[in-house]
Amino acid sequence: MNAVNGRMTWGKDEAGRGKLPVWADLFNDLMIDFWCGEMLWNTSMAEFSAYRVGGTAEAVIFPLGIQELSLLVQGLRKLDVPWLVLGRGTNILVADEGLRGVVIILGRDFCSMERNAQPDGSVLARFKGGCSMAKVVKWCTEQGLSGLEFAAGIPGSVGGATAMNSGAWGGQIGDVIYSVMIMDSKGTLQSKERKDIHFGYRSWNEPEEMIAVEIVFRLNKGDKAVIAEKCRKNVGLRKKQQPTNVISCGSFFKNPLPDKPAGRLIEESGLKGFKIGNVMVSDKHANFIVKTGEATAAEIVGLMRHIQNRVWRHSGIHLDPEVRLLGFADL
Ligand SMILES: Cc1cc2nc3c(=O)[nH]c(=O)nc-3n(C[C@H](O)[C@H](O)[C@H](O)COP(=O)(O)OP(=O)(O)OC[C@H]3O[C@@H](n4cnc5c(N)ncnc54)[C@H](O)[C@@H]3O)c2cc1C
């Protein structure tokens, strides 16, 4: 890897600068005094997305903490550089043409966990937005904290789960949230209580440039063995009903109506197991679009459109993607 297409720190190695975005030098000047995190120039988003497809982002940046994130967001605002935040990329599909601007990733270093007992017997558990949900669920189980068992087996970060209001088996993140520390596009922090955040179906109502930096759940004390058993059961159900060890983003479409899950509509339209090239409607669960070999984002979108058309013709119902499509000019 060289400095342009690989990992580098601010201010180091000027080689190949011609390939960098026009704002790179100004950005470098703004950041050099405080930055101690990592960044990548011109980097394939395939590395940061569960589908392992997508073109390059002009820059991918990994802030280490809240203060650094705030200064970064302020710098980007000053230079009018577009940006978006990601967690583990388990619910995104990035266009082959790539992304302009900066992708901010709250990664493993953006993680801490703590608990505070409350007078009413409940426990407030606080996590930084970059913690993985797997770690959060494991930690809660070890601590004897009940409430997040439904999330056992959901990949991704706790920040991503909050923005997506992720859920399974009748539970969803919004139901256990106590408050969220949100950073806006000016780099300013505000703490929002649960009642001030509207959680919808696989979404929250905050504007795109809002970052969930710290999430507090209200959980209950419980028996560790019982919590562990519930998690095991949910992971077992997942393995039984959904394709595992395949390349996917989980459920591709939102369920349009409670009694009409997307998977059933796709199955009824005759597409279960349908394949175009290396992109396939899972033969285990029809709401999973899986990649079975080398494929492009355009090919995944091609199958998505085919499914939408077929289901529309068969049932008159439009399927909306749950997976976030990033950088597609025509979608
Ligand atoms: C095998 C598999 C199974 C899955 N099963 C489920 C399931 O059962 N239920 C379910 O709901 N989902 C499921 N998913 C989808 C996905 O795991 C969840 O939506 C997850 O919560 C996304 O987290 P992430 O960190 O990967 O988010 P990303 O994919 O990185 O981002 C998703 C969206 O959230 C935004 N975002 C990310 N982090 C933040 C942040 N800190 N602040 C503000 N916005 C942010 C991004 O901009 C983007 O719009 C599954 C995915 C896979 C691959």
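What comes next is a walk through the structure.

Criteria and cut-off values
- Residues numbered from 1 in each chain as written.
- Predicted model: local features only at pLDDT ≥ 70, side-chain atom pairs only at ≥ 80, totals over all residues.
- Heavy atoms only, no water.
- Disulfide = S-S within 2.5 Å.
- Helix = DSSP H or I, 4+ residues; strand = E, 2+ residues; numbered from the N terminus.
- Buried < 20%, exposed > 50% of the residue type's maximum accessible area, 1.4 Å probe, protein only.
- Salt bridge = Lys/Arg side-chain N within 4 Å of Asp/Glu carboxyl O.
- Expected span 1.5 Å × (residues − 1).
- Arc of directions from axis to C-beta.
- Contact = heavy atoms within 4.5 Å.
- Polar contact = N/O pair within 3.5 Å; in protein donor to acceptor, adjacent residues only side chain to side chain.

1. Looking at the state of the cysteines
Part 1 of the argument: In the structure shown here, the tally under the stated rule is one disulfide.
Part 2 of the argument: In this model, Cys-111 is linked to Cys-131 through a disulfide, with the two sulfur atoms separated by 2.4 Å. One disulfide, between Cys-111 and Cys-131, carries an S-S torsion of 105° and so falls in the right-handed class. Here Cys-111, found in the loop between strand 6 (99-105) and strand 7 (113-117), pairs with Cys-131, found in the loop between strand 8 (122-128) and helix 3 (133-143); they are 20 residues apart in sequence, far enough to count as distant.
Part 3 of the argument: For Cys-111, a relative accessible area of 24% puts it in the partly exposed group.

2. A short note on the pattern of salt bridges
Part 1 of the argument: Tallying each qualifying case throughout the model produces 11 salt bridges.
Part 2 of the argument: The shortest N-O distance in the salt bridge between Arg-126 and Glu-214 comes to 3.1 Å. Pair noted here: Arg-126 is in strand 8 and Glu-214 is in strand 16 (residues 211-221), with a separation of 88 residues, a long-range link.
Part 3 of the argument: You can call Arg-126 partly exposed: its relative accessible area is 27%.

3. Some details on helix 6 (residues 224-241)
Part 1 of the argument: Helix length check: helix 6, at 18 residues, gives a terminal C-alpha distance of 26 Å against a target of 26 Å (1.5 Å per residue), a fit within 8%.
Part 2 of the argument: Burial in helix 6 covers these residues: Ile-227, Cys-231, Asn-234 and Arg-238. Down the axis of helix 6, the buried side of the element spans an arc of 60°, and every buried residue falls inside it. Structural note: helix 6 exposes Ala-225, Arg-232, Lys-233, Lys-239 and Lys-240 on the side pointing more than 90 degrees away from its buried face.
Part 3 of the argument: Residues of helix 6 that are buried sit in contact with helix 3, strand 9 (145-146) and strand 10 (167-168).
Part 4 of the argument: The N-cap of helix 6, judged by a side-chain oxygen 2.9 Å from the amide nitrogen of Ala-225 a few residues on, is Asp-223.

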